[in-house]
Amino acid sequence: MALVAREEFRQTVGTKAFWIGLAAFPIIIALGIAVPLLLESAKEARRFAVVDHSGFLLRQVEQSVYGEDLRKIAERGRELRHDDAEGYNALPPDVRRFVAAWMGLEDAAREELVEALSSNAFGLAGDVAEESIEIREFVEAGGAALHHWWATADPHQVDERHDIELTRRHYVREPVGIVADTLAALNERVNSGHLFAYIVIGPDPVASDEDCRYVSNNLTDRGLRQWFSHRADGVIREQRMQQEGIAAKTADWIQASLTFEARKIDDSGDVEEVEARHMFRQFVPLVFTYLLWIAVFTSSQMLITSTIEEKSARIMEILVSSVSPEELMGGKIAGVAGAGLIVVSSWAGLFLAAILIIPRLIGADVEGLGGVAADPVFLATFVVYF
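Every value quoted in this text rests on a predicted model; they were computed, and no experiment measured them. (Residues numbered from 1 in each chain as written. Predicted model: local features only at pLDDT ≥ 70, side-chain atom pairs only at ≥ 80, totals over all residues. Heavy atoms only, no water.)

Tell me about a nonpolar patch on the surface, residues and numbers included.
The grouping of Ile27, Leu31, Val35 and Leu39 at the surface amounts to a nonpolar patch, some 370 Å² of accessible area in total. With respect to the helices and strands, the residue leucine 31 is situated in helix H2 (residues 16-42). The exposure class assigned to leucine 31 is partly exposed, which follows from its relative accessible area of 48%. (Patch = residues over 30% accessible without salt bridge, like charges linked within 9 Å, V, L, I, M, F, W, Y side chains within 5 Å. Areas by Shrake-Rupley, 256 points an atom, 1.4 Å probe, with all protein chains shown as cover. Salt bridge = Lys/Arg side-chain N within 4 Å of Asp/Glu carboxyl O. Helix = DSSP H or I, 4+ residues; strand = E, 2+ residues; numbered from the N terminus. Buried < 20%, exposed > 50% of the residue type's maximum accessible area, 1.4 Å probe, protein only.)

Pasting the structure below:
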C-alpha cells in the first residue's frame, strides 16, 4: 500500500495542472477581493434629482449631508495638522481656518460649530440653539466661503490630494428645471442615462410616506436609495419628536438597548475582558470548516480522475494482480490525501498571512490573532478530519 500511495502522490503532484491550480487559488481570491474594490472606486457618481413637494425635507437632508462632510473635513484636518504639516498647508485656506477653529473648541462646542455652519448654509440658522459668540463670528465671517468651496471643489481631486471623501464623490444632485411636465422630463432624463434616478417627496412626509417615490432603471444598485432614505428618516424622526413634544435626549434614552458586556474566566479563575483574539477564536473553526469542504471536494476530484484514467487504460486490472483491491484503494486515498495536504497547507499559510498583514494595512489591532489561527489543536483536528 505504501508503494501505491507514493506513486499516486508522485503522479498527482508531478502534473502541471496541480501546481497551476495551487497558484491559481490565491490569485482568484485576491482578484475576488480587489476587483469589486477597484470597480467601486472607479464607479461614477450617481446623478439624481429630487422633486420636493414638502418644501423642507430636501433642504434639511442637504444640511445633514453638509454637516457630515464638515465632520470628515475636521477630523482629516486634525490628522494632517498633527502628522503631516505639508499636507495640512496644502489644504485650501478656508478649510484650514475651519479646522483651526474647530480644534480650538471643546467637543460639545465643535458640534455646535458644525450645526451652525450647516444650518446657516441652508437658511436654517434659527434652528441652532445656543452657539457661542465665537462660533457666530466664524460662521458670519467664513461660513459662506467654506460652503462655496464644498459645493464647487472637484471631489475626485479633494479625495486624491487630501484623502477627504466628500459626499459628491458618490452622489450628485441635479437641479430640477421649471418645465410644464416635470416628471415627464425626469423620466426622459432617466431613460437617456443623464440621471441615475429621481426622488419624489410627498407633501407631508411627517404624517406618512404617501406619494414618496424612487424612480430608476437600475433598482439592483440600492446605494443611492438607501443613502437618501437614511438621511431623510433622521430628519422626519426629529420632526415627529418635535411635533409630539419629545426631547431628542429622551427619545435616544428610550431607544437605547440594554447591553451586557462580555467577560470570560481566565486560567487563574479571574474574570477578564474579552479581547479581539477571544472573539476571533470563535470564527476560526468556521474558516477551517470551509477550507475542509473545499479540500475534500478538490482531493476527491483528483482521486476520481486518477481512478477513471487507470480504469480506462486497463491499468487497474494489472495493479489488482499485484496488490489486493483494499491495498490499492487505501494507497490511492493516502497518496491523494498527501497531495491534498500540500494544497491545504498552502491555503492555511495564505490564511495566516492574510490575518496578520491585512489588518495591519487597515490599522486594526492584530495582536494574538496569528497565534489563535495557528493553534495546534485547530491544526491537528483539521488534519484528522481531512
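Structure's up, so let's keep going.
So, the sheet that holds strand E2 (residues 171-173): which residues are in play, and what are the values?
One open sheet holds the 4 strands; their spatial order is E2-E1-E3-E4, and the pairing between them is mixed. A strand with exactly one partner marks an edge of an open sheet, and here the two such strands are E2 and strand E4 (213-216). The sheet shows a mean angle of 25 degrees between the axes of neighbouring strands, taken without regard to direction. Across the sheet, helix H3 (residues 57-83) touches strand E1 (46-52), E2 and strand E3 (197-201), and the angle it forms with E1 is around 140 degrees. (Pairing = 2+ DSSP bridges. Axes fitted to C-alpha atoms, helices over the stretch in contact; angles between N-to-C directions. Contact = heavy atoms within 4.5 Å.)

Which residues make up the nonpolar core, and what values do they have?
Where a protein is soluble and globular, its nonpolar side chains tend to be buried together. If you look at the biggest cluster of nonpolar residues, it comprises 47 residues, and the most contacted ones within it are Phe98 and Phe228. In this structure, phenylalanine 228 is in contact with Phe48, Val50, Leu58, Val61, Ile199 and Ile201, ignoring residues within four places of it in sequence. (Core = buried A, V, L, I, M, F, W, Y, C linked by side-chain atoms within 4.5 Å.)

Describe the side chain of serine 216, and please don't skip the residues or the numbers.
Note on placement: serine 216 falls in strand E4. A distance of 3.1 Å separates the side chain of serine 216 from the backbone nitrogen of asparagine 218, its partner in a polar contact. Discounting residues that sit within four places of it in the chain, serine 216 has contacts with Val190, Phe196 and Ala197. (Polar contact = N/O pair within 3.5 Å; in protein donor to acceptor, adjacent residues only side chain to side chain.)

Residue-level account of unusual backbone geometry, with values.
Keep in mind that most residues, glycine aside, have a negative phi and that most peptide bonds are trans. Of note in this structure, aspartate 163 is not a glycine but carries a positive phi near 60 degrees. Structurally, the position occupied by aspartate 163 is in the loop between helix H8 (155-162) and E2. If you check the backbone angles, aspartate 211 has positive phi at about 70 degrees while not being a glycine. Within the element layout of this structure, aspartate 211 appears in the loop between E3 and E4.

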